[in-house]
Amino acid sequence: MSKPFYITTTLPYVNAKPHIGHAVEFIRADSIARWKKLCGFDVFFNTGTDEHGLKIYQKAEQAHMDPQAYVDKAAAEFKELLPMLGVSPDANFIRTTDPHHIKAAQEFWRIVDKNGYIYKKNYSVKYCVGCELEKTESELVDGKCPLHPLQDLELINEENYFFKFSAFQKPLLDLYEKGGPILGKSKLPFVIPESRQKEIRAFVERGLEDFSISRLKSKMPWGIAVPGDESQVMYVWFDALVNYVSAVGWPDDSFKKWCVDTGGMVQYCGKDNLRQQSAMWQAMLLAAGLPSSQNIIINGFVTADGGVKMSKSLGNTIDPLTLVEEFGTDAMRYYCLRELSPFEDSPCTPERFKDAYNANLANGLGNLVSRVMKMAETNGVKALNGEVKLPDAYETGLSEYNLKKSMDAIWDLIAESDKLIQTKQPFRLMKSNIPERTEGRACIETLLGNIYMIGIALKPFMPDTSKAILDCVDNNNMPAAPLFLRK
RNA sequence: CGCGGGGUAGAGCAGCGGUAGCUCGUCAGGCUCAUAACCUGAAGAUCGCCGGUUCGAUUCCGGCCCCCGCAACCA
C-alpha cells in the first residue's frame, strides 16, 4: 500500500477572472503533487472554486443571470485554465456549490456548534447610503467611503453568529511551536517560509477576536443555509474553508486517509491568505475536533515592474493565458517555478518573461539538448544505462517546498554540460584518431547521462519537456523541432 | 511607540563575521556540436545613512531615513 499525500490550493473566488497569481499557486502545488506521485505516494490534489457571497450575487444580478448559472460559467473559466497550465488531469475540482460540500459545511457548523464554539451576537456593519452597500474597514479612507466622502456612514446592527476564535490562542501557538514534519536533522516550520510563521505567531499573540460567520439571508441570499436558522446564511469562512475536508469526503470516514494517515493536509496559498489558512482555518479544525494541517506554504505576490501592485486600473496586469498561448505551458511553469521568488513578491512583465524564456529555455535547456543529441546521433553514441542520482539540492528543495532551489539545481547541470562541451570539445575529438575518439565517445556518454538526468528531474515541473527529452535520449535522435524556439 | 517584509553593479536577485556572488544587459576574445546558440575574460557596487561590538561587518547590536504589504471579517 502506498502512503497517501494530500495537497490543496486555496479556492479562487470566482468574482474575478483568473490571474497570474492563481497560475503560480496551481503550478507549484501541481509540481509537488506530481513529485510525490513519482516518489510512490498515493496523491490527492485538490483545487476548485469558491462561489457564494454577496459579490457574486450582485454580479449575477447585473448580468441578469441566475446566480447558479453565473457561477457555472465562472467556475468553468477556472477549470479550463488548469490543463493550459499543465495541471494533472486527475486533480480534484471542488465547487462550494457542490451538494456534498453544502452538506459538509452544514455538518461542520453543527459539530462546532455542538462543541460550544458558536454563539449569536450583535454585529454592527458600516453602510454607505451613496453606494447602497455595506463597507468593510479596508474599503474606507479616513473612515469614509472613498466614493462618497461627504456622507457619513450609517451603522446598522444585526444579529449574527460568531465563532469563538479567541478560545484558540494557546492551541494555535502550540501548533506553530510544534512545527511541521522532520526533514533530515532539522524540522520544517508549520508555516513556510519561517518569516510568515513569525508574522502569524505575532498576530495570534496579540490576542484574537471572535469573528462573525453568518449573514442575514434577507440581505445575502446566495449562501449556504445555517443549520437550524432559516433567517441566516453562512459567511465565507464556514463555507469556503470547509472545502479542504469536504473535498476528501468528510464527514464520511473516508476523509481519514487524507487528513489523518497523511499527517495532515498540505496547503498552498497566497500571502493574503496567511491569516485565514494558518489561524482561522486551523482554529476551526480544532473546534471541530479534526486534525490540523501539516504545512501551509505561503506564496508572495506577482507584481509589475518595481514591485508595483498589478491592477486593472493601472493596466499592468498579466493574463496567464496570453503567456501560455505565446510561449507554451511548460514555459509558463518554468517562469512560475524558477523566475519568481518562491516566497517573496516578484515582478513579472512580458519583457522579463521573454528574456527568461530566451536565456534559459531556448538558449539554455533547448539548445543543450539539440547539441548533445546531434553529437550522439551522428556518432552513434548511446546513453549508458545506470541509476540516476539527482543532486541533493534538488531533493532538499522539493522537501522544503523551495521549488526554485530544485530548478536551480537542474540549471546548474545545464551550465555544467555546456561548459563540458566547450572544454572537452567532443565534436572535435570524434574527428580525430582512435584513442581520442574513445575519449570523445566517453564525453558524449557523460553528456547523455546529464541530459537524461535533467529529463528525469524535470518530470514534476515541466512534464511535456521532460518527456520530449527522455524520448530523444531513448531514441537516440535530435528533437524533431527545437524544444523552445527563440522568440 | 500597531504588525511584518525589504533597501547589495543599469535591471532582477543570492550571500549574512574574514579577498562582494549569480542571471539578464553592455564590451572584447574563443569555439563551430547546437536554436546567430555555447565558452572565456573585461567594465560596472562607497552592500540605504549614522553610531557601536570585533583584530576584522554587507553579515551582529542600537538609532535614523526611504519603499512595500497587512491592520481582521478583505473569498
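Structural data are supplied above this passage.
Criteria and thresholds
Residues numbered from 1 in each chain as written. Chains lettered and ligands numbered in written order. Predicted model: local features only at pLDDT ≥ 70, side-chain atom pairs only at ≥ 80, totals over all residues. Heavy atoms only, no water. Helix = DSSP H or I, 4+ residues; strand = E, 2+ residues; numbered from the N terminus. Buried < 20%, exposed > 50% of the residue type's maximum accessible area, 1.4 Å probe, protein only. Areas by Shrake-Rupley, 256 points an atom, 1.4 Å probe, with all protein chains shown as cover. Lys, Arg positive; Asp, Glu negative; His and termini not counted. Charge placed at Lys NZ, Arg CZ, Asp CG, Glu CD. Axes fitted to C-alpha atoms, helices over the stretch in contact; angles between N-to-C directions. Parallel < 35°, antiparallel > 145°, perpendicular 65-115°, else oblique. Contact = heavy atoms within 4.5 Å. Nonpolar A, V, L, I, M, F, W, Y, C, P; charged D, E, K, R; others polar. Polar contact = N/O pair within 3.5 Å; in protein donor to acceptor, adjacent residues only side chain to side chain. Pairing = 2+ DSSP bridges. Salt bridge = Lys/Arg side-chain N within 4 Å of Asp/Glu carboxyl O. Core = buried A, V, L, I, M, F, W, Y, C linked by side-chain atoms within 4.5 Å. Domains from an automatic or database assignment. Phe/Tyr/Trp six-rings, centres within 6.5 Å; stacked < 30°, edge-to-face > 60°. Lys NZ or Arg CZ within 6 Å of the ring centre and 35° of its normal. Left-handed = near helix turned anticlockwise from the far one by under 90°.

## Things to note about the overall build of chain A
- From N to C terminus, chain A includes 18 helices and 17 strands.
- Counting the 487 residues in chain A, one finds 51% classified as buried.
- When the accessible area of chain A is evaluated, it comes to approximately 22,400 Å², of which 52% is carbon and sulfur surface.
- The distance from the centre of the 57 positive side-chain charges to the centre of the 62 negative ones in chain A is 4 Å.

## Things to note about the packing of helix α2 (residues 54-62) against helix α3 (residues 67-84)
- Where α2 contacts α3, the axes come no closer than 9 Å and their chain directions differ by 100°. Classified by the angle between their axes, α2 and α3 sit roughly perpendicular to one another. Seen from α2, the contacting residues are I56, Y57, K59 and A60; seen from α3, they are P67, Y70 and V71.
- Looking at the contact of α2 with α3, its residues break down into six nonpolar, no polar and one charged.

## A closer look at the side chain of S346
- Considering the arrangement of structural elements, one finds S346 in strand β17 (residues 346-347).
- For S346, the side chain forms a polar contact with the main-chain nitrogen of S341, separated by 2.9 Å.
- Setting aside chain neighbours within four positions, we find S346 in contact with F301, V302, T303, L340 and S341.

## Topic: the sheet that holds strand β12 (residues 225-226)
- Strand order in the open sheet formed by three strands is β11-β13-β12, with antiparallel pairing between adjacent strands. Every other strand in the sheet has two partners, leaving β11 (214-216) and β12 as the edge strands with one partner each.
- Where β12 lies against strand β13 (residues 229-234), two bridges are found, and the strand directions are antiparallel. From the neighbouring strand, A225 faces β13, where its bridge partner is V233.
- Seen against the sheet, helix α4 (residues 99-114) touches β11, β12 and β13 and runs at an angle of roughly 105° to β13.

## Here's the deal with the sheet that holds strand β3 (residues 92-95)
- Reading across the sheet, the six strands line up as β3-β2-β1-β14-β15-β9 and stay open at both edges, with parallel pairing between neighbours. Edge strands, defined here as strands with exactly one partner in the open sheet, are β3 and β9 (191-192).
- The sheet contact formed by strand β14 (residues 266-270) and strand β15 (residues 295-299) spans five bridges and is parallel. Pairing of C269 across the sheet is with I298, part of β15.
- Packed on one face of the sheet, helix α1 (residues 20-38) meets β1 (4-8), β2 (42-49), β14 and β15 and runs near 165° to β2.

## Some points on the environment of Y176
- Locating Y176 in the fold gives a position in helix α5 (residues 169-178).
- Residue classification places Y176 among the buried positions, given a relative accessible area of 1%.
- When the C-alpha positions of Y176 and C39 are compared, they lie 28 Å apart, and in sequence the two are 137 residues distant.
- Not counting residues up to four positions away in its chain, the partners in contact with Y176 are F190, Q197, I200, R201, V204, S278 and A279.

## Examining helix α12 (residues 329-339)
- Most of α12 sits out of view: ten of its eleven residues are buried.
- Those residues of α12 that fall on the buried side of the exposure criterion are T329, D330, A331, M332, R333, Y334, Y335, C336, L337 and R338.

## Examining the pattern of salt bridges
- Scanning all chains against the criterion turns up 21 salt bridges.
- A salt bridge links K120 to D229; its shortest N-O distance comes to 3.6 Å. Residue K120 is located in strand β4 (residues 118-128), and its partner D229 is located in strand β13; the two are separated by 109 residues in the primary sequence.
- You can call D229 buried: its relative accessible area is 10%.
- Here D392 and K389 are joined by a salt bridge, their closest N and O atoms 3.1 Å apart. Per residue, the accessibility class of D392 equals that of K389, and both read exposed.
- One network of salt bridges, in which partners are shared, links D30, R34 and R333.

## Some points on the nonpolar core
- Residues M332, L365 and W411 are the most contacted members of the largest nonpolar core, which totals 89 residues.
- Considering each element in turn, this core owes the most residues, twelve residues, to helix α13 (residues 350-379).
- Per-domain counts for this core show at least three residues from each of domain 1 (4-299) and domain 2 (350-475).
- With residues up to four places along the chain from it excluded, the contact list for W411 reads Y334, R338, N360, L361, L365, L458 and M462.
- If you look at the next biggest cluster of nonpolar residues, it comprises 55 residues, including F165, I224, V242 and M265.

## A few points about the packing of aromatic side chains
- On inspection of all chains with the given rule, the structure shows 24 aromatic pairs.
- Between Y235 and W237, the ring centres sit 6.0 Å apart and the planes meet at 75°, which makes this aromatic pair edge-to-face.
- For Y235, a relative accessible area of 27% puts it in the partly exposed group.
- Look at W237 and you get buried, because its relative accessible area is 19%.
- Taken together, a centroid distance of 4.9 Å and an interplanar angle of 50° make the contact between Y334 and W411 tilted. Placement of the pair is Y334 in helix α12 and W411 in helix α15 (residues 403-424), with a sequence separation of 77 residues. Judged on exposure class, the residue Y334 and its partner W411 are both buried.
- Over the ring of Y235 we find R215; its NZ or CZ atom is 4.0 Å from the centre of that ring.
- Its guanidinium or amino end placed over the ring of F203, R275 lies 4.0 Å from that ring's centre, counting from NZ or CZ.

## Looking at the packing of α13 against α15
- Running from N to C, α13 and α15 cross one another at 50°; their axes reach a closest spacing of 10 Å. In terms of axis orientation, α13 runs oblique to α15. Crossing handedness for the pair α13 and α15: left-handed. Counting all contacts with α13, which are made through N360, L361, G364, L365, L368, R371, V372 and M375, the residues of α15 involved are W411, I414, S417, D418 and I421.
- Its residues assigned to classes, the contact of α13 with α15 comprises eight nonpolar, three polar and two charged.

Geometric descriptors of this kind do not, in isolation, establish any biological role.
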